[in-house]
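Take a look at the letters that make up each chain.
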Amino acid sequence: MNIEQKIINSIRVVSADAIQKANSGHPGLPMGAAPMAYTLWSRHLNVNPDDVNWINRDRFVLSAGHGSMLLYSLLHLYGFKVSMEDIKNFRQLNSNTPGHPEYGMTDGVETSTGPLGQGVGMAVGLAMAEKHLAAKFNKEDAKIVDHYTYVLCGDGDLMEGISSEASSLAGTLGLSKLIMLYDSNSITIEGSTDLAFTEDVAKRYEAYGWQVLKVEDGNDILAIDNAIKEAKAEQKKPTIIIITTKIGYGSPNKVGKASAHGAPLGEDEIEKMREFLQWDYKPFEIPEEIYDETKRQLDKKLEIYNNYQTDLKAYKEKYPKDFKDFEIAISGKSDEDIFDDEYFSFEKDMASRAASGILLNRIANKLPTMFGGSADLAPSNKTFMENSDSFSNENPLGKNIHFGVREHGMAAIANGILLHGGLRSYCATFLVFSDYMKGAMRLSALMEIPQIYILTHDSIGVGEDGPTHQPIDQLAMLRSIPNMKVFRPADFTETAYAWKYAMESEKSPVSIALTRQNLEALENSGEGVMNGAYIVSEAKNELKMILIATGSEVATAINAKEKSEFKDNIRVVSMPSMELFEEQTDEYKEKILPKNIEKRISVEALSTFGWGNYTGIKGINIGMNSFGKSAPANQVFEDFKINEEGILQAIKELFKS
């Protein structure tokens, strides 16, 4: 057995041993895909375990994240901070080898994966970032952004619709630095893929505009190597390499069977696997000759890394301004004061989506790393950066991304762009369609990356488009995601602070819900937004009631208060972000919402779910507990009594109690 085969078998056996010890996991993919993964890592993947954030490293995304032991084995063998003790603690509490790869937890993991298809989407984003930055900074005699994105996926990834959305866009954009290794083993949890997946994947990807290569034997590392070389030689298209494998290869009784997918092999089968693979070592034992060989391979990768550092130094000397811009891009900061007086100045009342569009352009004019767009709704979302062109295959310098009608793919792609580094990504659609984006938005929050989601047409104020387009439950859904910061600003000033928070956030994604209809400027709106809630209209006399509102309903609440016979005893609180308010001190919360004031009314033209936390059992929650209706916006608000009349009626009711 040659040394390369021995390394491949070590990946198989250690993966099976770790899963057996944990009594939980997925041995099938690591055993079947070990040859393709080893070939990629040993002969092509340029990384440096001593500089894991090296900007010009190749990216490897294991989209089929259930096969995490494949990745952990590779990270261990190639010098990353994944010890054999870590592997022994696979899937155990607080270990750095969790059941699926988690970004920020395990050294060398590029992104959290596991929800199938997400990795494909994020890989497209990584490749888009590389293409844009390369166009911006590379010179004919100096390429400081020049790397590949590799994604290993399985049948399940390609069944999920998100992979179709992302792959279609990748073909349109000609992402030639994107290479997908498709582990085609024809098995899912329920059995053969023929039960539900009989399409011709090759023809599908040809139709997307990809180069399609095939390797008939997943154990043939020479054929895999040649296919990767051919993929790297392609200059105009992304490449999918369809590699036919046998799930659970090495297990005599479970190879090619669904039972190898998601359960330990069992002690008896582990022994039979060792015999089949001619592996005469104890569990978790890897002979030194394997470490010696991977170290030799790493030394070659280090040469590439060192050469890059030399080239970067020469680039700095020859192109000092570009180098400075490159450094600023990588830092993620701006060398200008973005949030100056001009940033906060507006001349007239406007919809918060319009204010957001102005703010985006003010930011983009001072922060050239902004890179994003909309799901075919830029004119409605107000997300086009006016001083830049559209990003395309022909013009990779463009900063405005046209994602097409692909919300789920868009959100995952945006995550990939942000994870790449050097760019500040955002994406946009209508709030009601955030449902399509939920999986990727949840991963933004889980990975603690500050993705920006612009979500317009934020209530029944959408009007004539009717209940299919009027969001009701979406804001409550977003608020329920741990680490997601949600803003629903009440005017242009609150919108400005919401964007400021989003741009300064380091570990939390931000969703900004914005109106279609115009909003009047509030007299007292301001920096209190950064506390999540603040007083916009105070009681002149003894405080007896609090109105709490968000977005377009804040002005309505203030106007209702002024018409009430009890106006001198009523406080109006704007609460643009529940999450930020919950992070404030108990003293601040008490100052804004004193516990002794039990007469409380919330006003928000969306689901009332969650508002009881602030209004209590004696309060009234004005909002939506049904779907909307199709009519002009003012008529819809009136019909559902989310207007001054409805608020005045609630005020009278509470004061009588």
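Residues numbered from 1 in each chain as written. Predicted model: local features only at pLDDT ≥ 70, side-chain atom pairs only at ≥ 80, totals over all residues. Heavy atoms only, no water.

### Some remarks on empty space enclosed by the protein
Empty space among the atoms can be located by rolling a probe the size of a water molecule over them.
For step 1, the next point in the chain: Throughout the structure, instances matching the rule amount to one cavity of 30 Å³ or more.
For step 2, the next point in the chain: Taken as a whole, the largest cavity holds about 50 Å³ of empty space.
For step 3, the next point in the chain: Every residue along the wall of the largest cavity is listed here: Phe60, Val61, Leu62, Leu71, Pro101, Gly108, Val109, Glu110, Thr111 and Thr113.
For step 4, the next point in the chain: It is strand β1 (residues 59-62) that provides the largest number of residues to the lining of the largest cavity, a total of three residues.
For step 5, the next point in the chain: A class-by-class count of the residues in the lining of the largest cavity yields six nonpolar, three polar and one charged. (1 Å grid on protein atoms, 1.4 Å probe; cavity = no way out; pocket = protein on both sides within 12 Å on 5 of 7 lines; lining within 4 Å. Points joined across faces, edges and corners; volume = space filled by probe spheres on them. Helix = DSSP H or I, 4+ residues; strand = E, 2+ residues; numbered from the N terminus. Nonpolar A, V, L, I, M, F, W, Y, C, P; charged D, E, K, R; others polar.)

### With respect to the packing of helix α13 (residues 352-366) against helix α18 (residues 492-504)
For step 1, the next point in the chain: Viewed as axis vectors pointing N to C, α13 and α18 meet at an angle of 45°, and their least axial separation amounts to 9 Å. By the angle between their axes, α13 is oblique relative to α18. Crossing handedness for the pair α13 and α18: right-handed. For the pair formed by α13 and α18, the contact residues are Ser352, Ala355, Ser356, Leu359, Leu360 and Ile363 on the first element and Phe492, Thr495, Ala496, Trp499 and Met503 on the second.
For step 2, the next point in the chain: Residue composition of the contact of α13 with α18, by class: eight nonpolar, three polar and no charged. (Axes fitted to C-alpha atoms, helices over the stretch in contact; angles between N-to-C directions. Parallel < 35°, antiparallel > 145°, perpendicular 65-115°, else oblique. Left-handed = near helix turned anticlockwise from the far one by under 90°. Contact = heavy atoms within 4.5 Å.)

### Overview of helix α11 (residues 288-318)
For step 1, the next point in the chain: Between its terminal C-alpha atoms α11 stretches 45 Å, which fits the 45 Å expected from 31 residues at 1.5 Å a residue.
For step 2, the next point in the chain: What α11 keeps buried is the set Ile290, Glu293, Thr294, Gln297, Leu298, Lys301, Tyr305, Tyr308, Leu312 and Tyr315.
For step 3, the next point in the chain: Contacts made by the buried residues of α11 are with α1 (3-22), α2 (28-43), α3 (68-77), α5 (118-137) and α12 (320-331). (Expected span 1.5 Å × (residues − 1). Buried < 20%, exposed > 50% of the residue type's maximum accessible area, 1.4 Å probe, protein only.)

### Details of the environment of Leu29
For step 1, the next point in the chain: By secondary structure assignment, the location of Leu29 is in helix α2.
For step 2, the next point in the chain: Remark: the alpha-carbon pair of Leu29 and Tyr249, spanning 220 residues in sequence, is separated by 8.7 Å.
For step 3, the next point in the chain: Residues contacting Leu29, with those up to four places away along its chain left out, are Ala34, Ala64, His66, Gly67, Leu70, Asp183 and Ile247.

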